2 protein chains.
Amino acid sequence: MRIIVDTMGSDKGCAEITKGVIEAVNEFGIDAIAVGNAAEIAPIVAEAGLESRIEIVDAPIFVTMEDDHNVVIRGEKSKSSMVAAMKLLSDGKGDAVVTAGNTGATITAATLYISRIRGIRRAALAPIMPLGGRGGVLLIDCGANVACTPEYLLQFAYMGSYYMRFAVKNGGEELPRVGLLNIGTESHKGTELQQEAYKLLTEAHEAGTLNFIGNIEGRDIPFGVADVVVADGFSGNVCLKTLEGMGKLFGQELKRIMYASLKTKIGGLMLKKDLNGLKKQLDYKEIGGSPLIGISAPVFKAHGSADAFTLKNAIKQSIRYVEGDIIRRITENIDKMKVSR
Amino acid sequence: MRIIVDTMGSDKGCAEITKGVIEAVNEFGIDAIAVGNAAEIAPIVAEAGLESRIEIVDAPIFVTMEDDHNVVIRGEKSKSSMVAAMKLLSDGKGDAVVTAGNTGATITAATLYISRIRGIRRAALAPIMPLGGRGGVLLIDCGANVACTPEYLLQFAYMGSYYMRFAVKNGGEELPRVGLLNIGTESHKGTELQQEAYKLLTEAHEAGTLNFIGNIEGRDIPFGVADVVVADGFSGNVCLKTLEGMGKLFGQELKRIMYASLKTKIGGLMLKKDLNGLKKQLDYKEIGGSPLIGISAPVFKAHGSADAFTLKNAIKQSIRYVEGDIIRRITENIDKMKVSR
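Residues numbered from 1 in each chain as written. Chains lettered and ligands numbered in written order. Predicted model: local features only at pLDDT ≥ 70, side-chain atom pairs only at ≥ 80, totals over all residues. Heavy atoms only, no water.

A. Here's a closer look at the relation of the copies chain B and chain A. In the superposition of chain B on chain A (RMSD 0.0 Å, axial shift 0.0 Å), the rotation amounts to 180°. Those values place the two copies in the arrangement expected of a two-fold rotation axis. Among all residues of chain B, the one whose C-alpha sits closest to the rotation axis is Gly267 of chain B, at a distance of 2.0 Å. A shared interface surface links the copies, since 100% of the contact residues of chain B are contact residues in chain A too. (Least-squares fit on C-alpha atoms with pLDDT ≥ 70 in both. Contact = heavy atoms within 4.5 Å.)

If you want it as structure tokens, here you go:
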């Protein structure tokens, strides 16, 4: 397997991402293509002695976090590392793309240079939150689509289910439990979008093709009542970032408490292992990346502030996405995801 | 001051709410009207020796949590304790209503029997989250209005500001910092609703009547970057319940860790005071209730599972809302909150 990595445009820079590539190649036995500033990448790869395993593609132009997502369409940045990586994937030079660059540009570039799966209306970002045990909770969509139709949400539910079942939980027999993010459990709750999506998801459940458990509320997500949480990109993003913020708050507060006095330092030492486990449960580095699910080849978006460890984990996820054959599964079941009007 | 309390229809029942009324009367030196099942209320009031301070209005019919919000309009439940309480307030028999009953029914009953402030398009639920120090963070709206217009959000911003400034922070000189809940900080982020609201809020900021600090994301809310967070009722509710769920998760996990072994029990004892402080920071009981802001008389909604302590705190908030003269302040400034079409 060969993973294509866009090494440019993230917060921590090309060298840090390249280190993640090296760790992944060593740990998972894959090959890689490192796309970016060759002058910076080459010495790091040489030092690791991985010239035969990591191909370097020179593309020093890059999309910044501040760039509009449309810069990848034309002009100088249509030659950026991100676009080069997408084109390599589209040309069959590798099995997946991983990038920690600008999210909007990633979506635009993937849609334009690779295209969506035929019949899929919108690609969605679907990160896994390390909550509730049992492999975590998938939240789909988390910001790729601020305005959604009920059909999009139905498609998110199916795509999220295939991903969780065959790439995250390794082909379990059971259908993942799908919940619809809403503001109450009754079927009439929410806006027209949630009300209509509820009906579509119920029909799919009755057909036995989805395991729809109904509406779920933000307060239930941390307890893992669903494996896949379906949401429009706006409220999904609000939910995700609120989870993230609370995780960060608790990490900070625990640290502050443990260093507050000699007594709390000693107490903290006695609880260290368990408290670290709790912190780890909310550490987004553990999870790595999010697939841009619905694109016709595997594209993974790692957090903009990803370090080498996070990037390595995003690569691991992309490997499992390829091995789980997620795109074929979605393609073969596309008829279930169409809503006739 | 006299606070009218609907003692019926909450999860913990009439006796528990009545105990909260008694605590509030003793602690805050107010009078009260307890509306509900007189046969249950009277002995509790008599035992406390507060017959002269707490008037009892017999209204044993009540709205359940499962009832549709429209039951208060006609039929048997238009004679329920909740409606009786609203009518007493409307008739000037007290200064505020506090209820822990059905949220939807509370909004419908308040709108119907008391009415909104003239010029206010929608009433909003605005709980204070015990986050970020500095008196907490107000989240407005949290579920009263799933579909909003930019004008509603502008009005929420003003109403939330008056409430925070004059009832929560006791008339501070500074304008509270108002943030718009969004999925990124740039002005073009979000749906059309957020984009348009951003413009209105910016105009108000430039006029010096609001302190609009821009878009804020879920991850920033726990750190208190804004005093007032403006949201449509859907995403506001998602945010609130996600905060609530994460608070609950951490409380449970800390407890589990502290009882895991003898070693962690000892460590837990040494950290007890600080960890309890952390738990308290996320304990919604500390805050009590949420004003139904925009109604022309003070109506407070306490959590459905409120105990006596929570109910007492909701009463305290309603007292400060009355003393802060919030409704007069909104009424006098209504022209700033109108959007010409």
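B. Focus on the sheet that holds strand β7 (residues 137–140) of chain B. All names here are of chain B. Across the sheet, which stays open at both edges, the five strands sit in the order β6-β7-β10-β8-β9 with mixed pairing between neighbours. Each of the sheet's edge strands pairs with one partner strand only, and the pair in question is β6 (128–129) and β9 (211–216). Judged from the five bridges that link them, strand β8 (residues 177–181) and β9 form a sheet pairing that is parallel. When the sheet's bridge partners are listed, Arg177 is paired in β9 with Asn211. Packing of helix α5 (residues 150–168) onto the sheet brings it into contact with β6, β7, β8 and β10 (228–230), and relative to β10 it is tilted by some 165°. (Pairing = 2+ DSSP bridges. Helix = DSSP H or I, 4+ residues; strand = E, 2+ residues; numbered from the N terminus. Axes fitted to C-alpha atoms, helices over the stretch in contact; angles between N-to-C directions.)

C. View of the pairing of β7 of chain B. Residue and element names in this part refer to chain B. Here β7 shows a buried face lined by Val137 and Leu139 and a second buried face lined by Leu138 and Ile140. The sheet contact formed by β6 and β7 spans two bridges and is antiparallel. Of the residues in β7, the one forming a bridge with Met129 is Val137. Sheet topology note: the β7/β10 ladder contains three bridges and is parallel. Considered in β10, the bridge of Ile140 is made with Val230. (Buried < 20%, exposed > 50% of the residue type's maximum accessible area, 1.4 Å probe, protein only.)

D. Local environment of the interface of chain B and chain A. Across the boundary between the two partners, chain B contributes 48 residues, which contact 48 residues of chain A. Three residues, Ile183, Phe234 and Phe250 of chain B, lead the burial of chain B against chain A; their summed loss comes to 16% of the area buried on that side. If you look at where chain B meets chain A, you find four salt bridges. The salt bridge partner of Lys241 of chain B is Glu217 of chain A, with a shortest N-O separation of 2.3 Å. There are eight residue pairs in polar contact (both at pLDDT 80 or more) connecting chain B and chain A. Sorting the residues of the side of chain B that touches chain A by element identifies α7 (233–258) and α8 (262–281) of chain B as the ones contributing at least two each. Sort the elements by how many residues they give to the side of chain B that touches chain A and α7 of chain B lands first, with 19 residues. A breakdown of the residues in the side of chain B that touches chain A according to their chemical character gives 22 nonpolar, 17 polar and nine charged. (Buried area = accessible area lost by both parts, 1.4 Å probe. Salt bridge = Lys/Arg side-chain N within 4 Å of Asp/Glu carboxyl O. Polar contact = N/O pair within 3.5 Å; in protein donor to acceptor, adjacent residues only side chain to side chain. Nonpolar A, V, L, I, M, F, W, Y, C, P; charged D, E, K, R; others polar.)

E. Region of the structure containing the nonpolar core. Core analysis: the largest hydrophobic core is formed by 103 residues, its most contacted members being Met86, Ile221 and Val299 of chain A together with Met86, Ile221 and Val299 of chain B. Those residues in contact with Ile221 of chain A, other than ones at most four positions away along the chain, are Met129, Leu131, Val137, Leu181, Ile216, Val229, Cys239 and Leu243 of chain A. (Core = buried A, V, L, I, M, F, W, Y, C linked by side-chain atoms within 4.5 Å.)

F. Broad picture of the pattern of salt bridges. Summed over the entire model, instances satisfying the criterion amount to 29 salt bridges over all chains. Of the charged contacts in the structure, one is a salt bridge between Asp227 of chain A and Arg177 of chain A, with a shortest N-O distance of 2.8 Å. Taken as a pair, Asp227 of chain A in the loop between β9 (211–216) and β10 (228–230) and Arg177 of chain A in strand β8 (residues 177–181) lie far apart in primary sequence, 50 residues in all. With a relative accessible area of 3%, Asp227 of chain A lands in the buried category. Here Arg177 of chain A falls in the buried class, since its relative accessible area comes to 17%. One salt bridge connects Arg219 of chain B with Glu244 of chain A, and the closest N-O pair in it is separated by 3.4 Å. Of this pair, Arg219 of chain B sits in the loop between β9 and β10 while Glu244 of chain A sits in helix α7 (residues 233–258), placing the two residues on different chains. A relative accessible area of 26% places Arg219 of chain B in the partly exposed class. For Glu244 of chain A, a relative accessible area of 17% translates into the label buried. It is possible to trace a salt-bridge network through shared partners that takes in Glu217 and Arg219 of chain A together with Lys241 and Glu244 of chain B.

G. Focus on helix α5 (residues 150–168) of chain A. Given a rise of 1.5 Å per residue, 19 residues ought to cover 27 Å, and the 25 Å separating the end C-alpha atoms of α5 of chain A matches this to within 8%. Counting buried positions over the 19 residues of α5 of chain A gives 19, a clear majority of the element. (Expected span 1.5 Å × (residues − 1).)

H. Inspection of helix α9 (residues 308–323) of chain B at higher detail. Residues and elements named next belong to chain B. Helix length check: α9 (16 residues) gives 23 Å between terminal C-alpha atoms against 22 Å at 1.5 Å per residue, within 8%. Among the residues making up α9, those that are buried are Ala308, Thr310, Leu311, Lys312, Asn313, Ala314, Ile315, Gln317, Ser318, Ile319 and Tyr321. The positive-phi residue at the C-terminal boundary of α9 is Asp325, with phi of around 60°.

I. Structural context of the pairing of strand β11 (residues 289–293) of chain B. Residue and element names in this part refer to chain B. Burial analysis of β11 places five of its five residues in the buried class, which makes it a mostly covered element. Covered by surrounding structure in β11 are Gly289, Pro291 and Ile293 together with Ser290 and Leu292, the residues of both alternating faces. Pairing between β11 and strand β12 (residues 299–302): three bridges, direction antiparallel. Of the residues in β12, the one forming a bridge with Gly289 is Ala302.

J. Geometry of the environment of Glu151 of chain A. By the secondary structure assignment, Glu151 of chain A is in helix α5. Remark: the alpha-carbon pair of Glu151 of chain A and Arg320 of chain A, spanning 169 residues in sequence, is separated by 27 Å.

K. Spatial organisation of the packing of helix α1 (residues 14–28) of chain B against helix α2 (residues 38–48) of chain B. Residue and element names in this part refer to chain B. Taken N-terminus to C-terminus, the directions of α1 and α2 make an angle of 35°; their axes are 10 Å apart at the nearest point. Along this stretch, α1 crosses α2, giving a crossing that reads as right-handed. Within the contact between the two elements, α1 uses Cys14, Ala15, Thr18, Lys19 and Ile22 and α2 uses Glu40, Ile41, Ile44, Val45 and Ala48. Within the contact of α1 with α2, the residues separate by chemical class into seven nonpolar, one polar and two charged. (Left-handed = near helix turned anticlockwise from the far one by under 90°.)

L. Here's a closer look at the environment of Ser90 of chain B. Residues and elements named next belong to chain B. Topologically, Ser90 is positioned in helix α3 (residues 81–90). For Ser90, a relative accessible area of 41% gives the class partly exposed. Setting aside its immediate chain neighbours within four residues, Ser90 contacts Tyr113 and Ile114. Separated by 3.2 Å, the side chain of Ser90 and the backbone oxygen of Tyr113 make a polar contact.

M. Focus on the side chain of Ser81 of chain A. Residue and element names in this part refer to chain A. Its location among the elements puts Ser81 in helix α3 (residues 81–90). Engagement of the side chain of Ser81 in a polar contact is seen with the side chain of Asp6, the distance being 2.7 Å. Apart from the residues within four sequence positions on either side, Ser81 is in contact with Asp6, Met8, Val35, Gly36, Ala59, Ile61 and Phe62.

N. Representation of the sheet that holds strand β3 (residues 54–58) of chain B within the structure. All names here are of chain B. Spatial strand order, β3-β2-β1-β4-β12-β11-β5: seven strands in an open sheet with mixed pairing. Across the chains shown, the open sheet's two edge strands, defined by having one partner strand only, are β3 and β5 (124–125). Taken together, the two bridges between β5 and β11 define a ladder with antiparallel strand orientation. Each residue of the ladder has a partner; that of Leu125, found in β11, is Leu292.

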